[in-house]
Amino acid sequence: MWKIVVGFLVFAALAMWLLSKGGDVDISGEKHGIDVAPHAASSASNP
Amino acid sequence: MATATLPASSAKGTPMTQEEKKVIFASSLGTVFEWYDFYLYGTLAVIIGKQFFSALDPNSQVIFSLLAFAAGFIVRPFGALVFGRLGDMIGRKYTFLVTILIMGLSTFIVGILPTYASIGVAAPIILIGLRLLQGLALGGEYGGAATYVAEHAPHGKRGAFTSWIQTTATLGLFLSLIVILGTRTAIGEEAFADWGWRIPFLVSIFLLAISVWIRLSMNESPAFKKMKEEGKTSKAPLTESFGQWKNLKIVILALVGLTMGQAVVWYTGQFYALFFLTGPLKVDGATANILIAVALLIGTPFFILFGSLSDKIGRKPIIMAGCLIAALTYFPLFKALTVAANPDLAKAQATSQVTVVADPNECSFQFNPTGIAKFTSSCDIAKQVLAANSVSYENVAGTGPAKIKIGDKEIEAYSSKGLPADEAKAKDAAFKKATIDELRAHGYPAKADPAKMNKPMIIAILTLLVIYVTMVYGPIAAMLVEMFPTRIRYTSMSLPYHIGNGWFGGLLPATGLAIVAQTGNMYNGLWYPIIFATITFVVGMLFVKETKDVDIYAKD
């Protein structure tokens, strides 16, 4: 179990470090329209 | 033929075996893949749009928008039926080997697909074809993973075992961030927009190779193996699941009494909270992403906690408590989020009265899930501008063009119906400037001030929202599996899961936005999850039976 915890923390730390370096990306999930212009705000998402 | 060995109930108190760990790992890898794709198609949407769709004429863009919408909202439940049926007929192992192959190859091929500039309209057609194919396979992936893990789990540990699958949503997000941001940082913004965006898609081939290799080495689920040996597999799982009332009734209960509420609580906790921070609260995107990621990091272990707890106290109390607590606390939590993230906005909202005076016949319900609808009346335009500036307003019936009243100042809106593009653009700019200037004069901030943010409080609120997600999501796979007999399990549980999450969850952002614009209150979008979580709570409490002690082999 401790290996999973450490692995998860390392993984998360790397992701967050990259986010802090230039993380202004859209993490709101898949868009279900087609983005032909930035910030198509009303498109929905689902997994 | 060897007789299938069922997981022993005596194993309840023993630690997980290597084989059991492998089962969970193999199944979860597929769902990591699913989530990785989910985030790729969000983060890279603008680049993909530019490379594949922006050169299309407006009519074609509408058609492709509808097809992309169909890939998520129609094809996935259809895939749940197609692969669920296969899984119940030929077995779990081979079915979700097929789903991951289709899903993985569809993702990889996007990475080598020529763009519109190279092959013209064939490029968006192939891309949409791949997304439809991927959506189809995805419809069968979650049900397969949940069924496979649950059927390998010892009795009394199904909640704990299947809850690992839910943690993959966070892993998929972190993986996509590492690959996308890592690539972008390494090669630079320009090269990434030009060709580097392909790398995250290409990288997926490694994930696919590992997944296929592991899944090939796995055994068929013991429950399915036993049923096959006894010749009891279903010849027509779809007819059995949905054509017989005794099963259909449970499918409907699984949807209305479980997955519908689970989906809206999940979407609110992760995606609506993010949208609320960056949209109405005007927190910059990079800060909001980190706040959400920290909350997910803290909250993710709770999936395992609530999954394991559900083996002891039951699935139903945890899921129902999650729905109820969420429904009761969303309004105060989101209001507290406003005070913590943008106190200037909270103050302006409390002190400055804004009113929209408009002919009610001119005002639409601005529901726009595909982004292709255009709202052109003066009422709709006035409300859009106010909603974009996080202004809560009152609606008053009037005649003629809509007007915005801010304090004692009145600004007349315009209708862009039938106006030439240049004139509409000029009027839009003038109207926005007049409104925004007045709003600023009344204390509405352009951005959330980072110096005034109470970050520990924001993280605490977001973490609580994620914990609600873990309450409803942690035990859900085990509960869905336990509701249906082995012969139709894959089919029966996949459909309510995808309809619940795809339709009720997936439409939350667009519906929430439309409700906000309609009513003029930026918190009113929360009525959508509150209403559906409450329906699930009531239906679940009245009609859904506890399943933790169900012997999943009893009805085989």
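Residues numbered from 1 in each chain as written. Chains lettered and ligands numbered in written order. Predicted model: local features only at pLDDT ≥ 70, side-chain atom pairs only at ≥ 80, totals over all residues.

Looking at the overall build of chain B
- Of the regular secondary structure elements, chain B holds 25 helices and four strands.
- In summary, chain B has a C-alpha radius of gyration of 25 Å against a globular reference of 24 Å for 556 residues, a match within 12%.
- Each principal axis of the C-alpha distribution contributes one length, and for chain B these read about 85 × 55 × 45 Å.
- The buried share among the 556 residues of chain B stands at 56%.
- Restricting to contacts in chain B with at least 6 residues of sequence separation, those with at least 24 account for 85%. (Helix = DSSP H or I, 4+ residues; strand = E, 2+ residues; numbered from the N terminus. Rg over C-alpha atoms; globule rule 2.2 N^0.38 Å. Buried ≥ 20, exposed ≤ 12 C-beta atoms within 10 Å, placed from the backbone. Contact = placed C-beta atoms within 7 Å.)

Some points on the domain arrangement of chain B
- One can read the domain layout of chain B as domain 1 (20-233), domain 2 (239-342 + 453-547) and domain 3 (347-441).
- Each of domain 1 of chain B and domain 3 of chain B has a C-alpha centre, and these two points are 41 Å apart. (Domains from an automatic or database assignment.)

Some words on the nonpolar core
Residues and elements named next belong to chain B.
- Within the largest apolar cluster, 190 residues are counted, with the highest numbers of intra-cluster contacts made by Ala146, Val149, Val264, Ile292, Ala382, Val472 and Leu480.
- The element that contributes the greatest number of residues to this core is helix H14 (residues 245-278), accounting for 19 residues.
- Those residues in contact with Val149 that lie beyond four places of it in its chain are Val23, Ile24, Ser27, Phe161, Thr162 and Ile165. (Core = buried A, V, L, I, M, F, W, Y, C linked by C-beta atoms within 7 Å.)

Points about the sheet that holds strand S1 (residues 354-358) of chain B
Residue and element names in this part refer to chain B.
- Pairing is mixed across the open sheet formed by four strands, whose spatial order is S2-S1-S3-S4. In the strand order of this sheet, the two ends are held by strand S2 (394-397) and strand S4 (409-412), each with one partner. Each strand of the sheet is rotated relative to its neighbour by a mean of 25°, with strand direction disregarded.
- Bridging between S1 and strand S3 (residues 403-406) involves four bridges; their strand directions are antiparallel. Bridge pairing in S3 places Val357 opposite Lys403. (Pairing = 2+ DSSP bridges. Axes fitted to C-alpha atoms, helices over the stretch in contact; angles between N-to-C directions.)

Some details on the interface of chain A and chain B
- Taken together, the contact pairs 32 residues of chain A with 50 residues of chain B.
- Classifying every residue of the side of chain A that touches chain B gives 15 nonpolar, eleven polar and six charged. (Nonpolar A, V, L, I, M, F, W, Y, C, P; charged D, E, K, R; others polar.)

Topic: the packing of H14(B) against helix H25 (residues 527-543) of chain B
Residue and element names in this part refer to chain B.
- Two elements in contact, H14 and H25, have axes separated by 8 Å at closest approach and are oriented at 145°. Relative to H25, the crossing made by H14 is left-handed. Across the interface between the two elements, Leu253, Val256, Gly257, Leu258, Met260, Gly261, Val264, Val265 and Thr268 from H14 touch Tyr528, Pro529, Phe532, Ala533, Ile535, Thr536, Phe537, Val539, Gly540 and Phe543 from H25.
- Within the contact of H14 with H25, the residues separate by chemical class into 14 nonpolar, five polar and no charged. (Left-handed = near helix turned anticlockwise from the far one by under 90°.)

Concerning the pairing of S1(B)
Residue and element names in this part refer to chain B.
- The buried fraction of S1 is high, at four of five residues.
- In this structure, S1 lies alongside S2, joined through four bridges in parallel fashion. The residue bridging Val356 from the neighbouring strand is Asn395, located in S2.

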